[in-house]
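# Structural characterization, general
Take a look at the letters that make up each chain.
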Amino acid sequence: RFCFKSDDKAEDNVFISSLQVDQLSSDTEIEIANVPLHEFMKNLDVDAVFSYKGSKTAPDCSETIEWFVVKTPVLLSPRQLKAFQKLWQNNPKFAQGHGNNRHIQPLNRRKVVHVATSSSKTTDEKWYIIGG
């Protein structure tokens, strides 16, 4: 899962709109200027950011990634979700056309560490991936 979640009642997310995803196709590139990162950050619960060492989601799936996750996803509109799905679904330039190649993997011996404050803690709860 990513840090965004679609909700039928959600309006267009300003940050997602700035990325102009609905204007892209799998074979186009555009320059995006003035991305309002503050619009993304203002809706992010920075007190619930966690990290763990894991693996890539596409082959070779090597364990060289440090993932950062959030407990509460940011909302985006169903229209925006459909634009993302259209862009990445069956796109051979993105994970060989398979989207996210892997199912959720077991935690195994990994530690999920709270990184937002100086008092770190570990947890086994579910989180939303924001990038690696």
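Read on for a plain summary of the structure. (Residues numbered from 1 in each chain as written. Predicted model: local features only at pLDDT ≥ 70, side-chain atom pairs only at ≥ 80, totals over all residues. Heavy atoms only, no water.)

For the protein, the count of helices and strands is 3 helices and 6 strands. N-terminal to C-terminal, the α/β element order of the protein is β-α-α-β-β-β-α-β-β. With 132 residues in all, the protein has 32% of them scored as buried. Counting only contacts in the protein whose residues sit at least 6 apart along the sequence, the fraction spanning at least 24 positions is 66%. Accessible surface computed for the protein: about 9300 Å², of which carbon and sulfur atoms make up 52%. (Helix = DSSP H or I, 4+ residues; strand = E, 2+ residues; numbered from the N terminus. Buried < 20%, exposed > 50% of the residue type's maximum accessible area, 1.4 Å probe, protein only. Contact = heavy atoms within 4.5 Å. Areas by Shrake-Rupley, 256 points an atom, 1.4 Å probe, with all protein chains shown as cover.)

What follows concerns the environment of Phe4. When you line up the elements, Phe4 lands in strand S1 (residues 4–6). Excluding its chain neighbours within four sequence positions, the residues that come into contact with Phe4 are Asn13, Phe15, Ile16, Phe40, Pro73, Val74 and Leu76.

A few words now on the pattern of salt bridges. Throughout the structure, instances matching the rule amount to 4 salt bridges. For Asp12, the salt bridge goes to Arg79, with nearest N and O atoms at 2.6 Å. Of the two residues, Asp12 sits in the loop between S1 and helix H1 (14–18) while Arg79 sits in helix H3 (residues 78–88), which places them 67 residues apart along the sequence. The class for Asp12 is partly exposed, based on a relative accessible area of 36%. For Arg79, a relative accessible area of 41% translates into the label partly exposed. (Salt bridge = Lys/Arg side-chain N within 4 Å of Asp/Glu carboxyl O.)

Here the focus is empty space enclosed by the protein. With the rule as written, the count across this model stands at 1 cavity of 30 Å³ or more. By volume, the largest cavity amounts to about 40 Å³. Residue lining of the largest cavity: Ile16, Ser17, Val21, Asp22, Arg79, Gln80 and Ala83, and that is the complete set. Taken together, the elements giving at least two residues each to the lining of the largest cavity come down to H1 and H3. When residues in the lining of the largest cavity are grouped by element, the largest group, 3 residues, is from H3. For the lining of the largest cavity, the per-class residue count stands at 3 nonpolar, 2 polar and 2 charged. (1 Å grid on protein atoms, 1.4 Å probe; cavity = no way out; pocket = protein on both sides within 12 Å on 5 of 7 lines; lining within 4 Å. Points joined across faces, edges and corners; volume = space filled by probe spheres on them. Nonpolar A, V, L, I, M, F, W, Y, C, P; charged D, E, K, R; others polar.)

All of the buried residues in H3 are Gln80, Ala83 and Leu87. Seen along its axis, H3 keeps its buried residues to an arc of 55 degrees; they face one direction. The exposed residues of H3 that point more than 90 degrees off its buried face are Lys82 and Lys86. Phi turns positive one or two residues past the end of H3, at Asn90, with a value near 60 degrees. (Arc of directions from axis to C-beta.)

A general tendency of soluble globular proteins is for nonpolar side chains to be buried together. If you look at the biggest cluster of nonpolar residues, it comprises 10 residues: Cys3, Phe4, Phe15, Ile16, Phe40, Leu44, Val49, Val70, Val74 and Leu76. Elements that contribute at least two residues to this core include exactly H1 and strand S4 (74–76). Counting residues in hydrophobic clusters, the runner-up holds 7 residues, among them Ala48, Phe50, Ile65 and Val69. (Core = buried A, V, L, I, M, F, W, Y, C linked by side-chain atoms within 4.5 Å.)

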